[in-house]
Amino acid sequence: MKTSNPVLSRLGQAAERERTAGYGAYGPAGAAPGYGQPYPGASDYPAAPPAVQPMTVDDVVVKTVTLLGITGVSAVVAWNVIPDAMTGAAWIGAAVIGLVLGLVISFMRMANPALIVTYAVVEGVFVGMASKVFSVIAGYQGVVLQAVIATFGVFFLTAFLYKAKVIRATPKFQRGMIIVMGGLFAVMLINIVLSLFGFSTGLRDNGPLGYIFSIVCIVVAALSFILSFNEVEEGVRAGLPQRYSWVAAFGILVSLVWLYLEILRLLSFLQGGDD
């Protein structure tokens, strides 16, 4: 099955090789060990199922819910266990570890459940510490619950728009999103580096520029779900192995965390005061 996504195209070819190579311990069903011809009468028996099961949309849904649950539990535990004095260090540490794990999974396309679950645990600590900073330390009351509700509201709205084909993941849309997302992350990285030297660009401050930048990030984070939904559909059509549902779920989790943090920041702006 052809796909416009080059990564999925390569994975689809690998999946096809796995399916044609693995039909049991002794090759295709009915084949004698060391021989290319089946036993007489082998056709009377049903063929053994392929060793590699293709992923389905249900697989991705289950994996996504699992990762969200792990992230949520990890966030709650981190919030209640890590002392306030260690919040900043835990936040930065989880951010660095999560970034490294995320880059490894993304660029190497590692369908390793243990690695992806570890990422979800680390992201839970990161989200928990970020939420605690905004809600407890900075004193923005109620923003965490509001941000959670808004995040899932945007997610389901985007899913509906994709299902209704109001927004389509055309090749032009995908290329544009990759360019915009890359540009945003570059800007955020530069902003972080400049802030370390005491220079403020205003992008993350409570002001007109901060409002505009947060809204842009929220819109782009929401549209990134379209890329994930399209990747799931193309992966199913390409017959990717079932284990790649973990990679698809990982992509959705990344977008959800990003969207949540951007909404959390914007809500804090609306309550007034600087971060």
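Only a predicted model underlies this, so the values are computations on that prediction, with no experimental measurement involved.

The rules we used
- Residues numbered from 1 in each chain as written.
- Predicted model: local features only at pLDDT ≥ 70, side-chain atom pairs only at ≥ 80, totals over all residues.
- Heavy atoms only, no water.
- Helix = DSSP H or I, 4+ residues; strand = E, 2+ residues; numbered from the N terminus.
- Buried < 20%, exposed > 50% of the residue type's maximum accessible area, 1.4 Å probe, protein only.
- Contact = heavy atoms within 4.5 Å.
- Areas by Shrake-Rupley, 256 points an atom, 1.4 Å probe, with all protein chains shown as cover.
- UniProt positions renumbered as here; feature names shortened; annotations may be inferred.
- Salt bridge = Lys/Arg side-chain N within 4 Å of Asp/Glu carboxyl O.

J.: Please explain the overall build of the protein chain as it appears in this structure.
T.: Counting its secondary structure elements, the protein chain contains eight helices and zero strands. In the protein chain, the order of α-helices and β-strands from amino to carboxyl end is α-α-α-α-α-α-α-α. Burial analysis of the protein chain (275 residues in total) assigns 42% to the buried set. For the protein chain, the proportion of contacts with a sequence separation of at least 24, taken over those separated by at least 6, is 83%. Accessible area of the protein chain: about 14,900 Å², with a carbon and sulfur share of 71%.

J.: Even after reading the chapter, I still don't get the UniProt feature "transmembrane region" (unreviewed entry) in the protein chain, so can you show me in this structure?
T.: The feature "transmembrane region" (unreviewed entry), as given by UniProt, occupies residues 60–82, 88–107, 114–137, 143–164, 176–199, 211–232 and 244–261 in the numbering adopted here. As annotated, residues 143–164 comprises 95% helix and 0% strand, and the C-alpha atoms at either end are separated by 31 Å. Helix and strand shares over residues 211–232 are 100% and 0% respectively, and the end C-alpha atoms of the span are 32 Å apart.

J.: Explain the pattern of salt bridges to me, please; I cannot follow it from the model alone.
T.: Two side chains with opposite charge may pair up if their charged atoms get near one another. Applying the stated criterion across every chain yields a total of three salt bridges. Between Lys132 and Asp84 there is a salt bridge, and its shortest N-O distance comes to 2.8 Å. With Lys132 in helix H4 (residues 113–137) and Asp84 in the loop between helix H2 (57–81) and helix H3 (87–108), this residue pair connects regions lying 48 residues apart in the sequence. Take Lys132: its relative accessible area is 5%, and that puts it in the buried class. For Asp84, a relative accessible area of 47% gives the class partly exposed. With its nearest N and O atoms 2.8 Å apart, the salt bridge here joins Glu262 to Arg204. Here Arg204 lies in the loop between helix H6 (171–196) and helix H7 (208–238) and Glu262 lies in helix H8 (residues 245–270), a separation of 58 residues in the sequence. Its relative accessible area of 17% is what places Arg204 among the buried residues.

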